[in-house]
Amino acid sequence: MKRTGMAVSILVPILLGGLVGCRKAEPPSLIVKMMEDAGSGDVSKTSDEGITRWLDQHKAVLLEVKKKCMEVRASNPPANWSDTTEGRACSNAFLLDTGTPLKTSEKKY
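Here the focus is unusual backbone geometry. Unlike most non-glycine residues, asparagine 76 shows phi in positive territory, near 60°. The exposed category is assigned to asparagine 76, whose relative accessible area is 67%.

With 67% of its residues at a pLDDT of 70 or more, the protein chain shows a mean pLDDT of 81. Mean pLDDT across the elements of the protein chain ranges from a minimum in helix H1 (residues 2-20), with 52, to a maximum in helix H2 (residues 30-37), with 97.

All right, on to H2 then. All of the buried residues in H2 are Ile31, Val32 and Met35. Down the axis of H2, the buried set is contained in an arc of 95°. They therefore lie on one face. Exposed side of H2, more than 90 degrees from the buried face: Leu30 and Asp37 are the residues found there. The inward-facing, buried residues of H2 abut helix H3 (48-57), helix H4 (59-74) and helix H5 (85-96). The distance from a side-chain oxygen at the start of H2 to the backbone nitrogen of isoleucine 31 is 3.2 Å, and the residue carrying that oxygen is serine 29. With its phi angle positive at about 110°, glycine 39 sits one or two positions after the end of H2.

Criteria and thresholds
- Residues numbered from 1 in each chain as written.
- Predicted model: local features only at pLDDT ≥ 70, side-chain atom pairs only at ≥ 80, totals over all residues.
- Heavy atoms only, no water.
- Buried < 20%, exposed > 50% of the residue type's maximum accessible area, 1.4 Å probe, protein only.
- pLDDT = per-residue confidence, 0-100.
- Helix = DSSP H or I, 4+ residues; strand = E, 2+ residues; numbered from the N terminus.
- Arc of directions from axis to C-beta.
- Contact = heavy atoms within 4.5 Å.
- Polar contact = N/O pair within 3.5 Å; in protein donor to acceptor, adjacent residues only side chain to side chain.

Printed below as a string of structure tokens:
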């Protein structure tokens, strides 16, 4: 009886640790690669605040990221896109650069 309890207490953390570490790999992203090639470091492990701060210090990259993000948004990305590294980078880029308005409609008020 003691042996079974000990085996369970050893196996449970190992099994749970394996499940927690499993995450579906994201598809490659030109936007994320552009940022990393420009020196941002691993964007997938960077907080939203860190992404915003880095983009704020690299305006040329910010403008290119916004341009690419608009292309991706126009191509109907999957529903979970905003949870991906690319989606987070795009969200932060659009929130940060308030000087370039987004065109939402032709209607004038």
